[in-house]
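For reference, the chains in residue letters:
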Amino acid sequence: MSTENPENTAESAPSKEWTLEPETEYRFELDPGSSLAIKLVRGHAEIFGAELVEGKTYLFGSECKAAVFTWQGCTLEVTGHPSTEYVSEETPMTAYANLHIAFEQMRVRALRDVRGSPPPTDEPAASQDPPRILVLGPENSGKTTVCKILVNYAVRAGQGWSPLLVNVDPGQGGWAAPGAISAASVFAPIPTYSPASPLGSVATSAPTALASNALVPLVFWYGHAETKKNPLLMDRLIRNLGGHIDDRYLNDQEAKPSGLVVDTPPSFASGPTTDVHRQRLIKACVEAFNINVILVVGHEKLNVEMQRTYGARITVVKIPKSGGVVELEHHYRERIRNNQFYSYMYGHIIKPPAGITNATLGGETLDDFILSPSSTVISFSDLTIYRVGAGAMAPSSALPIGAQRVVSEMQPVIIDPSQPGSGLLNSVLGLLAPPNPDENERYDEELLDLTIQGFIVITNLDISKKRMTVLAPNQVSLVGKTAIVGTYEWQEQ
Amino acid sequence: MSLYPNYYGQPSYANPPLPPAHNGFHHPYQQQQYQSIPPLPSTQSLPVYHVDPVTFRRDYASRLAELTVNSRPIIQNLSYIAQEYTRFANIVAECIEAHIRRVPPWMKLPAFYLLDAISKNLYDPYARHFSAFVTPLFLDTYQVVDLSTRSKMEEMLLTWRTASPTGKELFGVPPQVSIERGVWDTTGNTNSNLPPGSTITTPQVLRELEFTLSQKERALQNNPYDGVAQKHITVLHQLRNLVETGVSQDQLHLILSQLRTLLRNTPPQVAPPQPVIPQPAVWPPSYAPVASQAPAAPYPPPPVNAIPPSNPAPSSSAPSNIASLLSTLVKAGIVSANAPTPPPPTDEKVASPEHSEQKRIKSYRQAVLAIPVKLNSNDITRQRPPIVDLLYDRLTVQCKQCGIRFVDNDEGKKSMNNHLDMHFRQNRKANQNVGRGHSRSLFVAVEDWVHETIDIKGKGRADGTRPVNAKVAAAAEAAKREAELRALSVVVPLGEEAEMKACPICKEVLQSEFLEDVEDWVWRNAIMKDDKVYHATCHAEAVTSTSNLAARLRNEARGSRSRSGTPESRVTPPPTRVRPTDVKAPSLSPSQEAKTTGTKRKVDPDDLPLGHEHGGTPPLKKLALSPSA
Ligand SMILES: [Zn+2]
Ligand SMILES: [Zn+2]
């Protein structure tokens, strides 16, 4: 139930008080350009597993759609104009909490195993494996939210867990920008404030109050929104990421029991069973991340398929989807992607509703989210640019006479910015980490196996002067670097 | 009419976290050794009055007049008022200074304790206000008080060296140095590098030795099984005997510099836990101000607990200190190599302080494992999860800044303490960074990510502190950049040595010094731009903030702006690097003929920063463009 605040005035945005019964949630959706402020007045409440602090005002924007859930009941003060708001008594939180407990049991046993303690006599047969969870589901099933809740509950337990969160959905940026395949260790709850940062935020030079607003991910650049664009490259990047995670575990045995959670693209869950690429990519994830639990969010057919394929060695569980998950239109996704590139470069700028002061954005002061990227004019020869694979081919007309098109899906093709139709203007590029300093260790396709240092965007090409303007997140030197262009484009709007 | 409710002076104290002085708790101001002041309890119960400055000044001065003896209630009451009325910080500072100057010598020390308490517990903005006059005030007072008061003032002075929230000088380096110079008549600076030529007196060393010893003893009292502190104390006792019997000037130098290093790496010890109540159920008072703190009021956590990030725990840095202290002293022949050290604590002893934590973890694990949930679709939807027990009830203490919860036991308190320090440091950093541009960091390299290890196994990870390479690296990078800037110098033009030249940005006079090796006068931390000489640091900051300003303008304009015109006309945030077109970097360019990577690419292994020689490329020109409208 809700009551209008009698103190509403013309200068302030309207504010309402909502009193929630235990195990219900307040859901809201925001229109473009509007923002919402929520204050927990009494009781306990959490947003996708991250607890709110009583008396603190949280700000939401950029078309955020979220829910404030309470286990024990609470009162919220909500200020602003959501396009939709209501309280729901039907939530999947019971199931998600039970999942968390099951995974917590696995972590406890795994830690005992790592430390060499013998298993208690009453459960000699229990697995000593930490939870390594692959979350599958079609579009709009709330996969990312499930991942976030599971990770947030793990870090909140007071046990010092730091699970790895892996994002293999190139259609959404997770903590950075779209087009990437990446993994980050999570130490503290991930806040929710904007769909541009569904899984927290990559570190900036600004100090942050929350560790999850300064994540340190390892990032590979795939460069396309769709997995079917280059499944071979996806496969390779997933396996590369898995390899580095293994190395990390070797380096820190005690990090292993915390386990990992993998967020996947919707394409893994849709399409015919006979789709070899889809099956191949799921297999790549299962193998690369040594998956032992597959969660299928609300999709019976996929559940059956996964049970049949992996049921013998992997626990496959179908889990309910939240009624709060809404169908998202194509344009909404486009806007969110643009917003992710924007916030990667410039941070978040969300104006609080009128009359709201002292609001925090994901637990941080608003100003700390404002970033200054760097725009640089460089010579064409300063930066070496590649495209990967046949899709990268220049139009036939651009080929020299007699040249033949023999490029495999995985071949890096150098792009000459001075050629018309290079397609570089407004393209997003992944700036590669330096190659192996030892020349003898180099190999042809090495650049497919390099992680990236960041994303850059070519904002202007001056072919006559052989110069281009490049927007970079900071004043990183681009000279002598190599970058890979995909199919993402971004223009400031 | 009184401005403040009449709680001051009441026998039963209104704020419960601090037990009253007669309750077995040692009053810090009546103890022989000087101690840090317990942090202030919550002020939530304080009603806020709207007062004008004149009334405030009159009222504060009259309350201050009552501070004739070392009375803890009065000092705390005056501190609360200072905390509540930071907008009148200048008035508070003026009142205290006037009071100390006016009262007779025997009444001055209590007011200094007040100044000390306010500076350490509230720090900002008070330390700033006090630093303006603390040097003459301290030295003038020191001259007129008796010997025992002097020694108390010296103890207080020593605590100021590391009492800022970042573990630095409470009132800044210049006041600290000037006061110490005035008190001990040495040219010693406060860091561990003592200038070689200065004379050190035995009383000075003994004084600092006593102080260090008292800190260590307090540490041992707080943590009786701290083997490192025990070792320290043994060595310090040895040292004291030595110094008392007389050592050479060189040895005094050595001892003093070692002492200062040791002290610098030891967080100030707060009063030992009061012994009366064995296991208090309440959260310790030191956290109360923060935990009960409304987010709007930027009151920092008690600075006494703030330790520099490089020293997360005393025990982590101490062993190497004691080792180096010992070995240096042994080498210098000051202490014997076979100094009797106390036996290492047994495992049993070490384990006992953590007993409650182990019990808690065990109980948590048993509770988790006992929950009969199976990992299948039916079970997870049917069972009622005891999640509230696991995530809320077992973790009763919540950080009021970010919502992270902690257990209510010693271990949890330690984590919470570290966690609050982390928030505090970040808040301070955020405040210091106003006006400077921030930007997205680069992603880490594989090697760094793979080795992103966790500081303490299984401990403290959920407290929000993150063992980051990237952040540490960024901080180190910033410090390095600053050091590089400070190292820049401009040779003073011939004939201008006697002229005072001011930095056009901060208007401060540029410091000139004579450099032996170049045999010339130079301005330090200076850079020449367009025939003007700036502080290198000021100039760099101005360039960055211009860029930040541009970004902010863009951000603000963004909401209303429609698609802007051609890319060329867009304002991009400076500094923009412009590379002359005629400059070629032949060694960097992959072969233009090779359309695919059939051949090995030749790439310069390092990412040399712009401006360095780069494979035969001439130095690149850096141009800082101001934003055009
Ligand atoms: Zn916190
Ligand atoms: Zn200056």
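Quick notes on the rules
- Residues numbered from 1 in each chain as written.
- Chains lettered and ligands numbered in written order.
- Predicted model: local features only at pLDDT ≥ 70, side-chain atom pairs only at ≥ 80, totals over all residues.
- Heavy atoms only, no water.
- Helix = DSSP H or I, 4+ residues; strand = E, 2+ residues; numbered from the N terminus.
- Buried < 20%, exposed > 50% of the residue type's maximum accessible area, 1.4 Å probe, protein only.
- Contact = heavy atoms within 4.5 Å.
- Areas by Shrake-Rupley, 256 points an atom, 1.4 Å probe, with all protein chains shown as cover.
- 1 Å grid on protein atoms, 1.4 Å probe; cavity = no way out; pocket = protein on both sides within 12 Å on 5 of 7 lines; lining within 4 Å.
- Points joined across faces, edges and corners; volume = space filled by probe spheres on them.
- Donors = N, O, S within 2.8 Å, 3.2 Å for Na, K, Ca; no water.
- Tetrahedral: all angles 85-135°; square planar, octahedral: opposite > 155°, others 65-115°.
- Pairing = 2+ DSSP bridges.
- Axes fitted to C-alpha atoms, helices over the stretch in contact; angles between N-to-C directions.
- Patch = residues over 30% accessible without salt bridge, like charges linked within 9 Å, V, L, I, M, F, W, Y side chains within 5 Å.
- Salt bridge = Lys/Arg side-chain N within 4 Å of Asp/Glu carboxyl O.
- Lys, Arg positive; Asp, Glu negative; His and termini not counted.
- Charge placed at Lys NZ, Arg CZ, Asp CG, Glu CD.
- Phe/Tyr/Trp six-rings, centres within 6.5 Å; stacked < 30°, edge-to-face > 60°.
- Parallel < 35°, antiparallel > 145°, perpendicular 65-115°, else oblique.
- Left-handed = near helix turned anticlockwise from the far one by under 90°.

Within chain A, the regular secondary structure consists of six helices and 24 strands. The buried share of chain A, reckoned over its 493 residues, is 66%. Across chain A, contacts joining residues at least 24 apart in sequence account for 72% of those joining residues at least 6 apart. With an accessible surface of roughly 16500 Å², chain A has 50% of that area assigned to carbon and sulfur atoms.

Residue and element names in this part refer to chain A. All told, the structure shown has 16 cavities of 30 Å³ or more when counted by the stated rule. Around the largest cavity, the lining comprises 17 residues; the ones closest to its centre are Ala50, Glu51, Tyr58, Pro191 and Leu210. Going through the elements one at a time, strand S6 (50-51) and strand S7 (57-60) are the ones with two or more residues in the lining of the largest cavity.

What follows covers the coordination of the zinc ion (ligand 2). All names here are of chain B. Looking at the metal site, the zinc ion (ligand 2) is ligated by Cys503 (SG), Cys506 (SG), His535 (ND1) and Cys538 (SG), spaced 2.0 to 2.4 Å from it. Between the four donor atoms coordinating the zinc ion (ligand 2), the angles at the centre fall across 94 to 120°, so the site counts as tetrahedral. Motif for the zinc ion (ligand 2), donor spacing along one chain: C-x2-C-x28-H-x2-C. Within this pair, whereas Cys503 is found in the loop between strand S3 (489-491) and strand S4 (512-515), its partner Cys538 is found in helix H21 (residues 536-558), the two being separated by 35 residues in sequence. Of the two residues, Cys503 and Cys538, neither departs from the other in class, the shared state being buried.

Our next topic: the sheet that holds strand S19 (residues 383-388) of chain A. Residue and element names in this part refer to chain A. Spatially, the seven strands line up as an open sheet ordered S18-S23-S22-S21-S24-S19-S20, and their pairing is mixed. Since the sheet does not close on itself, it has two edges, and those belong to strand S18 (374-379) and strand S20 (412-415), each with one partner. When strand polarity is set aside, the average angle formed by the axes of neighbouring strands in this sheet is 40°. The pairing of strand S21 (residues 427-432) with strand S24 (residues 481-489) spans four bridges and is antiparallel. When the sheet's bridge partners are listed, Ser427 is paired in S24 with Glu489. Together, S21, strand S22 (452-462), strand S23 (467-472) and S24 form the strand contacts of helix H6 (residues 330-346), whose direction differs from that of S22 by roughly 100°.

This brings us to a negative patch on the surface. There is a patch of like negative charges on the surface, built from Asp246 and Asp247 of chain A together with Glu447 and Asp448 of chain B. Residue assignment for the negative patch shows that the elements contributing at least two residues are helix H3 (231-251) of chain A together with helix H19 (446-450) of chain B. By secondary structure assignment, the location of Glu447 of chain B is in helix H19.

Residues and elements named next belong to chain A. Tallying each qualifying case throughout the model produces 30 salt bridges over all chains. Put simply, Arg115 and Glu254 hold a salt bridge, and the shortest N to O gap is 2.9 Å. On the criterion of sequence distance, the pair formed by Arg115 in the loop between helix H1 (93-114) and strand S11 (132-136) and Glu254 in the loop between H3 and strand S15 (260-263) is long-range, its members being 139 residues apart. Classification of Arg115 by relative accessible area gives partly exposed; the value is 42%. In this structure, the salt-bridge partner of Glu139 is Arg333, at a minimum N-O distance of 3.0 Å. On the criterion of sequence distance, the pair formed by Glu139 in the loop between S11 and helix H2 (143-156) and Arg333 in helix H6 is long-range, its members being 194 residues apart. Here Glu139 falls in the partly exposed class, since its relative accessible area comes to 41%. A network of salt bridges, in which partner residues are shared, links Asp235, Arg239, Arg280, Lys283 and Glu287.

Right, let's talk about the packing of aromatic side chains for a bit. Aromatic ring pairs are described here by two measures, namely the spacing of the ring centres and the angle between the planes. Residues and elements named next belong to chain B. Per the counting criterion, the structure on display carries 21 aromatic pairs over all chains. Centre to centre, the rings of Phe56 and Tyr85 are 5.1 Å apart; their planes meet at 40°, and the pair counts as tilted. One end of the pair, Phe56, is in helix H1 (residues 53-65); the other, Tyr85, is in the loop between helix H2 (72-84) and helix H3 (89-102), and 29 residues separate them in sequence. Taken individually, Phe56 and Tyr85 each receive the classification buried, so the pair is uniform in this respect. Aromatic rings pair up to connect Phe112, Phe138, Tyr142, Trp160 and Phe171 into one cluster.

Residues and elements named next belong to chain B. Examined against the element boundaries, Cys506 turns out to sit in the loop between S3 and S4. A relative accessible area of 30% means that Cys506 is categorised as partly exposed. The spatial distance from the C-alpha of Cys506 to the C-alpha of Tyr534 is 8.8 Å, given a sequence separation of 28 residues. For Cys506, the contacting residues outside a window of four places in its chain are His535 and Cys538.

Take unusual backbone geometry next. Each neighbour pair has its own omega, and for Asp124 of chain B with Pro125 of chain B the value is 0°, a cis peptide bond. When you line up the elements, Pro125 of chain B lands in the loop between helix H4 (108-122) and helix H5 (126-131). Backbone geometry at Phe48 of chain A places phi at a positive 50°, although glycine is not the residue there. In this structure, Phe48 of chain A sits in the loop between strand S5 (46-47) and S6. The class for Phe48 of chain A is buried, based on a relative accessible area of 16%. The backbone phi angle of Glu63 of chain A is positive, close to 60°, even though this residue is not glycine. By the secondary structure assignment, Glu63 of chain A is in the loop between S7 and strand S8 (65-70).

Here we take up the sheet that holds S5 of chain A. Residue and element names in this part refer to chain A. Ordered in space as S6-S5-S8-S3-S10, the five strands form an open sheet in which the pairing is antiparallel. Bordering the open sheet on either side are S6 and strand S10 (84-88), each of which pairs with just one other strand. Note that strand S3 (residues 24-29) and S8 share six bridges and pair antiparallel. Within the sheet, the bridge partner assigned to Thr24 lies in S8 and is Thr70.

All names here are of chain A. Remark: helix H4 (residues 276-288) packs on helix H5 (residues 300-310), axes separated minimally by 13 Å, with the N-to-C direction vectors making an angle of 60°. One element, H4, and the other, H5, form an angle in the oblique class. Here H4 and H5 pass one another in a crossing that is right-handed. For the pair formed by H4 and H5, the contact residues are Arg278, Gln279, Ile282, Lys283 and Val286 on the first element and Leu302, Glu305, Met306 and Tyr310 on the second.

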